[in-house]
Amino acid sequence: FCCFRRLDNVSNFRICATGVTLANAPTTSIVKKLKLTGTPFKVYKNTCYIQGIFNSNLEVQRFIGAKIRSVSGIRGQVKKACTDGQPGNFRATFEDKLKLSDIVFIRTWMPVDIPTLNLPILNH
């Protein structure tokens, strides 16, 4: 498939998305890749507390067990939401000790709601 943002000016158009359809069904889900970033504010041996990635403790609860990484390549995992401090802060464990200047990020997928319009073009 091929998606266009607008076809008003045919001489100057831009392709928004391309892909392959496996079946002609109107129940498709389109997701967008997100990269959420934050910084550590307390660092211990392999454990640190991260701020700035999530906005509430409910979001942290949804991502418990998710894999996170630092820019320097140290891998880690979301463990538990902090009960004190700002909502959205959480505890994470890493393979090695982080620095306070490191940036931590998580890659995730977010569903995108699109208007349902299914115009199948069949070759006859």
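Now for a quick tour of the structure. (Residues numbered from 1 in each chain as written. Predicted model: local features only at pLDDT ≥ 70, side-chain atom pairs only at ≥ 80, totals over all residues. Heavy atoms only, no water.)

1. Let's talk about the nonpolar core
Across soluble globular proteins, you tend to see nonpolar side chains buried next to one another.
Part 1: One finds I50, I68, F90 and F94 to be the most contacted residues of the largest nonpolar core, which totals 17 residues.
Part 2: It is strand 7 (residues 90–94) that provides the largest number of residues to this core, a total of 3 residues.
Part 3: In contact with I68, other than residues within four places in its own chain, are I74, R75, G76, Q77, V78, F90, A92, F94, V104, F105 and I106. (Core = buried A, V, L, I, M, F, W, Y, C linked by side-chain atoms within 4.5 Å. Buried < 20%, exposed > 50% of the residue type's maximum accessible area, 1.4 Å probe, protein only. Helix = DSSP H or I, 4+ residues; strand = E, 2+ residues; numbered from the N terminus. Contact = heavy atoms within 4.5 Å.)

2. Comments concerning a positive patch on the surface
Part 1: Together, K33, K35, R69 and R107 line one region of the surface with positive charge.
Part 2: Inspection of the secondary structure puts K35 in strand 3 (residues 30–43). (Patch = residues over 30% accessible without salt bridge, like charges linked within 9 Å, V, L, I, M, F, W, Y side chains within 5 Å. Areas by Shrake-Rupley, 256 points an atom, 1.4 Å probe, with all protein chains shown as cover. Salt bridge = Lys/Arg side-chain N within 4 Å of Asp/Glu carboxyl O. Lys, Arg positive; Asp, Glu negative; His and termini not counted. Charge placed at Lys NZ, Arg CZ, Asp CG, Glu CD.)

3. What to know about the pairing of strand 6 (residues 75–81)
Part 1: With 3 bridges connecting them, strand 5 (residues 67–70) and strand 6 associate as antiparallel partners. Bridge assignment links K67 to a residue of strand 6, and that residue is Q77. (Pairing = 2+ DSSP bridges.)

4. With respect to the environment of N57
Part 1: Among the structural elements, N57 can be located in helix 1 (residues 57–62).
Part 2: By relative accessible area, N57 is classed as partly exposed at 28%.
Part 3: Sequence separation of N57 and T83 is 26 residues, and the distance between their C-alpha atoms is 8.3 Å.
Part 4: Beyond its immediate sequence surroundings of up to four residues, N57 is in contact with A81, C82, P87, G88 and N89.

5. A closer look at the environment of R91
Part 1: If you trace the backbone, R91 turns up in strand 7.
Part 2: The partly exposed category is assigned to R91, whose relative accessible area is 27%.
Part 3: In sequence terms R91 and I64 are 27 residues apart; their C-alpha atoms lie 9.8 Å from each other.
Part 4: In this view, R91 contacts T47, C48, Y49, Q77, V78, K79, K80 and C82; residues no more than four positions away in its chain are not counted.

6. With respect to the pattern of salt bridges
Part 1: If you walk through the whole model with that rule in mind, you get 1 salt bridge.
Part 2: Across the pair R75 and E95 runs a salt bridge, and its minimum N-O distance is 2.9 Å. A residue pair is termed long-range when its members are at least 10 positions apart, and R75 in strand 6 and E95 in the loop between strand 7 and strand 8 (104–112) qualify at 20 residues.

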